[in-house]
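Examination of the molecular architecture
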Amino acid sequence: MDTFKIITEAHKGFAYLILLSGIIFIVALLVTMFGYSGKIKKLLKTSTLITMILFHVQLIVGIFMLVFSPGLKGALETGTLMSNAASRFSYVEHPVSMLIGVVLMTIINKYMKSHETLAMKIVIMGVIAVAFFAYAFPWSRVFPSFFA
């Protein structure tokens, strides 16, 4: 089996896990935000940690995927990286958006470890991190039956 194919399948598999953990994270974040006390509970801390770990693993797998990508090499050689919308999304917008999401999730996790109550800035950061992830997520590739 081809190395690029293995990395691609791993990247796709982690995407499903991130979708699940991201949903759990957002629900726990909103429940805590709209809760009476605003105290950070174990569910929120755990979901933040798991989501952050999955984001980091996905970033590492994505970097390997980018390095071994024949499409990136072809786009760089032909000079169509930024002029072609599909290659620009795959090789520029997607990695940068995911990197921003990973950095925000790391900041959120650090906050959750050191504070007792939830601040609005962390809620906003969490929503922005998941929004970056949702923007850069290749929905049509992961769920081809819904977008056909």
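Report follows, based on the coordinates. All values derive from a computational prediction rather than experimental measurement.

Regarding the layout of surface pockets
A volume near 680 Å³ is recorded for the largest pocket. Together, 29 residues line the largest pocket, and His11, Met65, Ser90, His94 and Arg141 are the ones closest to its centre. When residues of the lining of the largest pocket are traced back to their parent elements, those giving at least two are helix H1 (3-34), helix H2 (42-67), helix H4 (85-114) and helix H6 (139-142). It is H4 that contributes the most residues to the lining of the largest pocket, nine residues altogether. The class makeup of the residues in the lining of the largest pocket is 19 nonpolar, eight polar and two charged.

Observations concerning the packing of H1 against H2
Across the interface, H1 lies against H2 with an axial gap of 8 Å and an inter-helix angle of 155°. The pairing of H1 with H2 is recorded here as roughly antiparallel in orientation. The way H1 lies across H2 gives a crossing that is left-handed. Across the contact of H1 with H2, the residue classes tally to 20 nonpolar, ten polar and no charged.

Parameters at a glance
- Residues numbered from 1 in each chain as written.
- Predicted model: local features only at pLDDT ≥ 70, side-chain atom pairs only at ≥ 80, totals over all residues.
- Heavy atoms only, no water.
- 1 Å grid on protein atoms, 1.4 Å probe; cavity = no way out; pocket = protein on both sides within 12 Å on 5 of 7 lines; lining within 4 Å.
- Points joined across faces, edges and corners; volume = space filled by probe spheres on them.
- Helix = DSSP H or I, 4+ residues; strand = E, 2+ residues; numbered from the N terminus.
- Nonpolar A, V, L, I, M, F, W, Y, C, P; charged D, E, K, R; others polar.
- Axes fitted to C-alpha atoms, helices over the stretch in contact; angles between N-to-C directions.
- Parallel < 35°, antiparallel > 145°, perpendicular 65-115°, else oblique.
- Left-handed = near helix turned anticlockwise from the far one by under 90°.

Just distances and angles here, no functional claims.
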